[in-house]
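Each chain, written out:
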Amino acid sequence: MNSLFRAALAFSVLASGCQTAAPRLEPDANASGAATTPDAELRNTRWVLRMLNGQAVAPPTNAEPYLLLRATELNAEGNGSCNRFRGPFELPAAGQLRFGALLSTRMACASPDGNATESGFMAALTNTRTYRISGDTLRLYGEAAAIPAAVLHAVYLR
């Protein structure tokens, strides 16, 4: 009887350990298959630069390049990689975004990658005419561009 009980227990443990479906690690998707992550807010979100002109941004050697558009005034601020910047922006119509003159500090970058990232990021901001937000991703486009000049991701502070 003892060996029959052990065999039944072993079978029960093995059978219950098998899964018929993979565990769900991501949020549910809607009928179209897209994630149900709500779109981040354009303003008062810290947007961290991840791509410039289709190329991944190298990990920062100085400071993380980011953009923050204030909600209470039409001021932008951020870091290009080596220098902090600040200046005005406008939202002329839905999906449109334009930056005014962005003033920045003039500190030397410690690496050539930092210089390239900063100059590319500032050029992308200067040339931005439209934007799209999808979930936690912000894409900035120049005039009539099909490929985003910059791709940024929302960073949520706890």
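By convention here, each chain's residues receive numbers from 1 onward along its written sequence. Two thresholds apply to this predicted model, a pLDDT of at least 70 for residue-level local features and 80 or more for giving and counting side-chain atom pairs, whereas whole-chain, interface and lining totals are computed over all residues. Computation of side-chain values covers all heavy atoms of the structure but excludes hydrogens and water.

If you look the chain up in an unreviewed UniProt entry, it shows as META domain-containing protein from Hymenobacter duratus.

(A) Highlighting the state of the cysteines. Disulfides are defined as pairs of cysteine sulfur atoms found within 2.5 Å of each other. The final tally for this structure, using the stated rule, is one disulfide. Between the sulfur atoms of Cys82 and its disulfide mate Cys109 the distance is 1.5 Å. Here the disulfide of Cys82 and Cys109 is right-handed, its torsion about the S-S bond being about 115°. With Cys82 in the loop between β4 (75-79) and β5 (84-90) and Cys109 in the loop between β7 (103-104) and α2 (112-127), this residue pair connects regions lying 27 residues apart in the sequence. Taken as a pair, Cys82 and Cys109 share a single burial class, namely buried. Secondary structure follows DSSP: runs of H or I at least 4 residues long count as helices, runs of E at least 2 residues long count as strands, and numbering of each begins at the N terminus. For each residue, the accessible area found with a 1.4 Å probe, counting protein chains only, is set against the maximum for its type, and the residue is called buried under 20%, exposed over 50%, and partly exposed in between.

(B) A look at the packing of aromatic side chains. Note on aromatic pairs: the rings of Phe, Tyr and Trp (six-membered ring only in Trp) are paired at centre separations within 6.5 Å, and the planes decide the class, stacked below 30 degrees, edge-to-face beyond 60, tilted for the rest. For the coordinates displayed, the defined rule picks out one aromatic pair. Both a distance and an angle decide whether a charge sits over a ring: NZ of Lys or CZ of Arg must be within 6 Å of the ring centre and within 35 degrees of the ring normal. Taking NZ or CZ as reference, Arg46 lies 3.7 Å from the ring centre of Tyr66, over its face.

(C) Just the environment of Met51, in detail. As for its placement among the helices and strands, Met51 is situated in strand β1 (residues 46-52). Expressed as a C-alpha distance, the spacing of Met51 and Ala150, which sit 99 residues apart in the sequence, is 5.6 Å. When checking whether two residues touch, look at their non-hydrogen atoms; a contact exists if any pair is within 4.5 Å. Other than its neighbours up to four places away in sequence, Met51 contacts Ala56, Val57, Ala149, Ala150 and Val151.

(D) View of the side chain of Asn79. Structurally, Asn79 can be placed in strand β4. Owing to a relative accessible area of 7%, Asn79 belongs among the buried residues under this scheme. Pairs of N or O atoms within 3.5 Å make up the polar contacts considered here, provided that, within protein, one atom can donate a hydrogen while the other can accept it, and that residues adjacent in sequence are counted only when both atoms are side-chain atoms. Side-chain polar atoms of Asn79 contact the backbone nitrogen of Ser81, separated by 2.7 Å. Setting aside residues no more than four positions away along its own chain, Asn79 makes contact with Ala63, Glu64, Pro65, Tyr66, Arg84, Phe85 and Phe121.

(E) Structural context of the pattern of salt bridges. Whenever Lys or Arg places a side-chain nitrogen within 4 Å of a carboxyl oxygen from Asp or Glu, that contact is recorded as a salt bridge. Under the counting rule described, the total for this entry stands at five salt bridges. The partner of Glu64 in a salt bridge is Arg50, and the shortest N-O contact between them spans 3.9 Å. In this pair, Glu64 is assigned in the loop between β2 (55-56) and β3 (66-69) and Arg50 in strand β1, connecting sequence segments 14 residues apart. Given the relative accessible area of 33%, Glu64 is considered partly exposed. Across the pair Glu77 and Arg86 runs a salt bridge whose closest N-O atoms are separated by 3.0 Å.

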